[in-house]
Amino acid sequence: MAERFAADVAAPLSTGVPVVSGRVVDGGTACSTVPEGLAAASTHVPRMTFIVPVYNTEQTLPACLESALAQTVRDIEVVCVDDGSPDGAAAVLASYAERDARVRIIHQANAGLSAARNTGIAAARGEFIAFLDSDDTVEPNLCARVLAAFSSAEGVDAVTFGAVCEPEEAASARIKRLLSPEDRIFHGFDPALLFSANAQPYAWRTVLTRAFVERGGIRFDESLRFAEDVPFHFTVYPLARTTVLIADKLYRYRMTEGSLTHVFNARSSRERKLEQHLEVLASIFSAWEDHSLGALCPTEMVTWCLDFTLFDLLGVSDRCAQRSARRLAELLERAYGPRWADLPQQGAVRHAAYAVKRADASGVHLGKAGLMRFFVATRGLAQCVERALRRG
């Protein structure tokens, strides 16, 4: 949606806004309240906190808040971060806070989606932290189902669930599959969480314990203006002691043609999109270094990085392609050493890796046939045909 991502292109501010007794320092005021039927006390710990960044979503915000407040588990809080929204969203928030004590409002100058989420994380009091975008909705049993999943194994730090797209016809078969995990429990880190278990992308489908968030210093990278959810999962899953996937489709993701995702698919914006993707990769590797995780899953990661960038590398100017390929190669060499291009197991992927590594002033020499072989190797023939039909 245009509104969802418009905030992301603003200059980022500092991470998190200090909250003192329900009042925000350096950014406005917060309505700090507790669940209905409980004595007003800032020390109350709700079962779950929904963090709702709000920017230019006056029309969809009521349905979003209604869905959160309709949870069968009543002991929740809904922390709404008004990220300097220029429309009437603030009035909508005020009306909900007035009639439901579980709604808390934080107003701040526009700083982007990641900064708004970080502000919400800093203010959250719940045992568990969930994310809800202000033009989406959740099923009424989300809390109950997720809480049960947290109790299904020892040391669960993260629970990831499925979702449906609205309208359904706007979603590709690939997106539908990615939003359809199977019931699985992962003790420790398994590369499948990042590459094959349909457990990413989208931060709003993953609920974390607040203890894990604090222990791991989990935050969103405010420097990113696009795909900021990707480094989130690439940090969460390697750090989590136990991760539970559940097949339940508990979230309704509203897709609109005006979103930054769609805008970046335009040919005129491809160079900007490629630049942002490289920033995402840099953010992932930086987070791994910060958390002393090392260079994880080299074979899968090199393949995934190529899949994330290759289509756009072949669709930009030769100068941009050379510059971007050089940066991608530098990131991979720093993480996996000078022979990173030899790591992929499939010949078509290695061929693409060497094309990136050898890019010159006339671009990346792979060609349409090489690109097709790469995507058939990484995504399968059926997905390649579907993508061609959707583009054609």
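Notes on the structure in this doc start here. Not measured: the values here are computed from a predicted model.

1. Quick word on unusual backbone geometry
Turning to step 1, where the next piece is worked out: Cis geometry marks the peptide bond from E166 to P167, where omega comes out at -5°.
Turning to step 2, where the next piece is worked out: Tracing the sequence through the fold places P167 in the loop between β9 (156-166) and α6 (173-178).
Turning to step 3, where the next piece is worked out: Across the junction of Q200 and P201, the peptide omega takes the value 20°, indicating a cis bond.
Turning to step 4, where the next piece is worked out: Looking at where P201 falls in the secondary structure, it is placed in the loop between α7 (192-195) and β11 (206-209).
Turning to step 5, where the next piece is worked out: Despite not being glycine, N56 has its phi angle at roughly 60°, a positive value.
Turning to step 6, where the next piece is worked out: Its location among the elements puts N56 in the loop between β4 (48-54) and α2 (61-69).

2. Some points on the packing of helix α11 (residues 270-290) against helix α13 (residues 318-336)
Turning to step 1, where the next piece is worked out: At their nearest, the axes of α11 and α13 sit 11 Å apart, and the two run at 10° to each other. Between α11 and α13, the interaxial angle falls into the category roughly parallel. Across the interface between the two elements, E271, L274, E275, L278, E279, L281, A282, F285, W288 and E289 of α11 pack against C320, S324, R327, L328, L331, L332, R334, A335 and Y336 of α13.
Turning to step 2, where the next piece is worked out: Partitioned by chemical class, the residues of the contact of α11 with α13 number twelve nonpolar, one polar and six charged.

3. Some words on the layout of surface pockets
Turning to step 1, where the next piece is worked out: Quantified by volume, the second largest pocket comes out at close to 240 Å³.
Turning to step 2, where the next piece is worked out: Lining of the second largest pocket is provided by 14 residues; of these, R219, D221, T235, A287 and H291 occupy positions nearest its centre.
Turning to step 3, where the next piece is worked out: It is α11 that provides the largest number of residues to the lining of the second largest pocket, a total of four residues.
Turning to step 4, where the next piece is worked out: By residue class, the composition of the lining of the second largest pocket is five nonpolar, five polar and four charged.

4. Some words on the packing of aromatic side chains
Aromatic rings considered in pairs are described by the distance between their centres and by the relative angle of their planes.
Turning to step 1, where the next piece is worked out: Tallied over the full model, the rule gives 15 aromatic pairs.
Turning to step 2, where the next piece is worked out: Aromatic pair F195 and F234: ring centres 6.0 Å apart, planes at 75°, arrangement edge-to-face. On the criterion of sequence distance, the pair formed by F195 in helix α7 and F234 in helix α9 (residues 229-239) is long-range, its members being 39 residues apart.
Turning to step 3, where the next piece is worked out: Residue F234 is classed as buried on the basis of its relative accessible area of 0%.
Turning to step 4, where the next piece is worked out: Among the aromatic residues, ring-to-ring pairing joins F195, F234, F285, W288, W304, F308 and Y336 into one connected group.

The rules we used
- Residues numbered from 1 in each chain as written.
- Predicted model: local features only at pLDDT ≥ 70, side-chain atom pairs only at ≥ 80, totals over all residues.
- Heavy atoms only, no water.
- Helix = DSSP H or I, 4+ residues; strand = E, 2+ residues; numbered from the N terminus.
- Axes fitted to C-alpha atoms, helices over the stretch in contact; angles between N-to-C directions.
- Parallel < 35°, antiparallel > 145°, perpendicular 65-115°, else oblique.
- Contact = heavy atoms within 4.5 Å.
- Nonpolar A, V, L, I, M, F, W, Y, C, P; charged D, E, K, R; others polar.
- 1 Å grid on protein atoms, 1.4 Å probe; cavity = no way out; pocket = protein on both sides within 12 Å on 5 of 7 lines; lining within 4 Å.
- Points joined across faces, edges and corners; volume = space filled by probe spheres on them.
- Phe/Tyr/Trp six-rings, centres within 6.5 Å; stacked < 30°, edge-to-face > 60°.
- Buried < 20%, exposed > 50% of the residue type's maximum accessible area, 1.4 Å probe, protein only.

That's the geometry; what it means functionally is another story.
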